[in-house]
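So you can see what is in the structure, the chains are spelled out below.
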Amino acid sequence: VDVMGRFNVTTPFEEYQYLEDVKWGSYIEAAHNIDIIVQGWKDWATNRPGPWLRFFGNGGTLNLILPNPDNIEIVGPMADRLKKSIPDQQAEIRDTYEILSKFCSDAKAKGTVTVQYIDKIMWYCAVRFDNEVLFLSLYEHFRKDTKIQSPTYRVPLDRHKHTKDWINKELNGFMPNIHLP
């Protein structure tokens, strides 16, 4: 059965079963501008020093949107969902920014990192490369009995105008002082 034809699907996106299946290094190195909305991603940042150093060394700009680690009303439910202590979740948030900032300064070039700490719980992780490709992963609500990792979707934004408009609205809402397309 040709499901794509049957349902008139003409612009597919790609699904990754695991977040780590994405070849993040090649996307990071190829980009000039990266926007990330995430609850904290210390290990993800730590495990890619080469791509980050090359990205910042080439003058790349990273806009990072993280939850406010000092807002317990936000961090508490995140920590509970992730089965972490509140101090561990606060450290995860802070370390994400610190690690990426260190890569930027170690690159000794004109790359930049901006961070916006927000007082909202994020229900998704979004990574946008050059306003062309969006990786979107929804957060799980149930982690107790069955561990099925949240899928990650690669969305070519030139084919998905509504999604492009949506992520632009989200990014502009979180970072109103940063000009985003």
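One can find the structure itself at the top, above this paragraph.
Given the structure is predicted, the values throughout are model-derived calculations rather than measurements.

The rules behind these values
- Residues numbered from 1 in each chain as written.
- Predicted model: local features only at pLDDT ≥ 70, side-chain atom pairs only at ≥ 80, totals over all residues.
- Heavy atoms only, no water.
- Helix = DSSP H or I, 4+ residues; strand = E, 2+ residues; numbered from the N terminus.
- Buried < 20%, exposed > 50% of the residue type's maximum accessible area, 1.4 Å probe, protein only.
- Contact = heavy atoms within 4.5 Å.
- Areas by Shrake-Rupley, 256 points an atom, 1.4 Å probe, with all protein chains shown as cover.
- Expected span 1.5 Å × (residues − 1).
- Arc of directions from axis to C-beta.
- Salt bridge = Lys/Arg side-chain N within 4 Å of Asp/Glu carboxyl O.
- Core = buried A, V, L, I, M, F, W, Y, C linked by side-chain atoms within 4.5 Å.
- Axes fitted to C-alpha atoms, helices over the stretch in contact; angles between N-to-C directions.
- Parallel < 35°, antiparallel > 145°, perpendicular 65-115°, else oblique.
- Nonpolar A, V, L, I, M, F, W, Y, C, P; charged D, E, K, R; others polar.

Structural notes on the overall build of the protein chain
Part 1 of the reasoning: On a plain count of helices and strands, the protein chain comes out with 7 helices and 7 strands.
Part 2 of the reasoning: Ordering the α and β elements of the protein chain from the N terminus gives α-β-α-β-α-α-β-α-α-β-β-β-β-α.
Part 3 of the reasoning: Put simply, the protein chain has 181 residues, and 45% of those count as buried.
Part 4 of the reasoning: Across the protein chain, the fraction of contacts at a sequence separation of at least 24, relative to all contacts at a separation of at least 6, is 68%.
Part 5 of the reasoning: Accessible area of the protein chain: about 10100 Å², with a carbon and sulfur share of 53%.

A word on the environment of Pro87
Part 1 of the reasoning: Along the chain, Pro87 falls in helix α6 (residues 86–106).
Part 2 of the reasoning: Residue classification places Pro87 among the exposed residues on the basis of a relative accessible area of 54%.
Part 3 of the reasoning: Sequence separation between Pro87 and Asp70 is 17 residues, and the spatial gap between their C-alpha atoms is 9.9 Å.

With respect to unusual backbone geometry
Glycine aside, a negative phi is what most residues show, and trans is what most peptide bonds show.
Part 1 of the reasoning: Located in the positive-phi region is Asp130, a residue other than glycine, with phi close to 50 degrees.
Part 2 of the reasoning: Among the residues examined, Asp130 registers a relative accessible area of 23% and is labelled partly exposed.

Some words on helix α7 (residues 161–174)
Part 1 of the reasoning: A rise of 1.5 Å per residue sets the reference length of α7, with its 14 residues, at 20 Å; its end C-alpha atoms lie 20 Å apart and thus fit the reference within 8%.
Part 2 of the reasoning: Taken residue by residue, α7 has Ile167, Asn168, Glu170, Leu171 and Phe174 as its buried positions. Across the axial projection of α7, the buried residues extend over an arc of 160 degrees, all falling on one side. Facing away from the buried surface of α7 by more than 90 degrees, the exposed residues are Lys161, His162 and Gly173.
Part 3 of the reasoning: For α7, the secondary structure elements touched by its buried residues are β2 (33–37), β3 (61–67), β4 (112–118), β5 (124–129) and β6 (133–138).

Remarks on the pattern of salt bridges
Part 1 of the reasoning: Inspection of every chain in the model, using the stated rule, returns 10 salt bridges.
Part 2 of the reasoning: Between Glu29 and Arg54 there is a salt bridge, and its shortest N-O distance comes to 2.7 Å. On the criterion of sequence distance, the pair formed by Glu29 in helix α2 (residues 24–30) and Arg54 in helix α4 (residues 49–57) is long-range, its members being 25 residues apart.
Part 3 of the reasoning: Relative accessible area serves as the criterion here: at 32%, Glu29 is assigned to the partly exposed category.

Some thoughts on the nonpolar core
Part 1 of the reasoning: Membership of the largest hydrophobic core comes to 48 residues, with the highest contact counts inside it found for Trp24, Ile34, Ile36 and Trp52.
Part 2 of the reasoning: Excluding residues that lie within four positions of it along the chain, Trp52 makes contacts with Ile28, Ile34, Ile36, Trp44, Ala45, Leu62, Leu100 and Phe103.

What about the packing of helix α5 (residues 72–82) against α6?
Part 1 of the reasoning: For the pair α5 and α6, interaxial distance at closest approach is 9 Å and the crossing angle is 105 degrees. Taken as axis vectors, α5 and α6 run roughly perpendicular relative to one another. Here Ile72, Val75, Gly76, Met78, Ala79 and Leu82 of α5 come into contact with α6, specifically with Ile86, Gln89, Gln90 and Ile93.
Part 2 of the reasoning: Partitioning the contact of α5 with α6 into residue classes produces 7 nonpolar, 3 polar and no charged.

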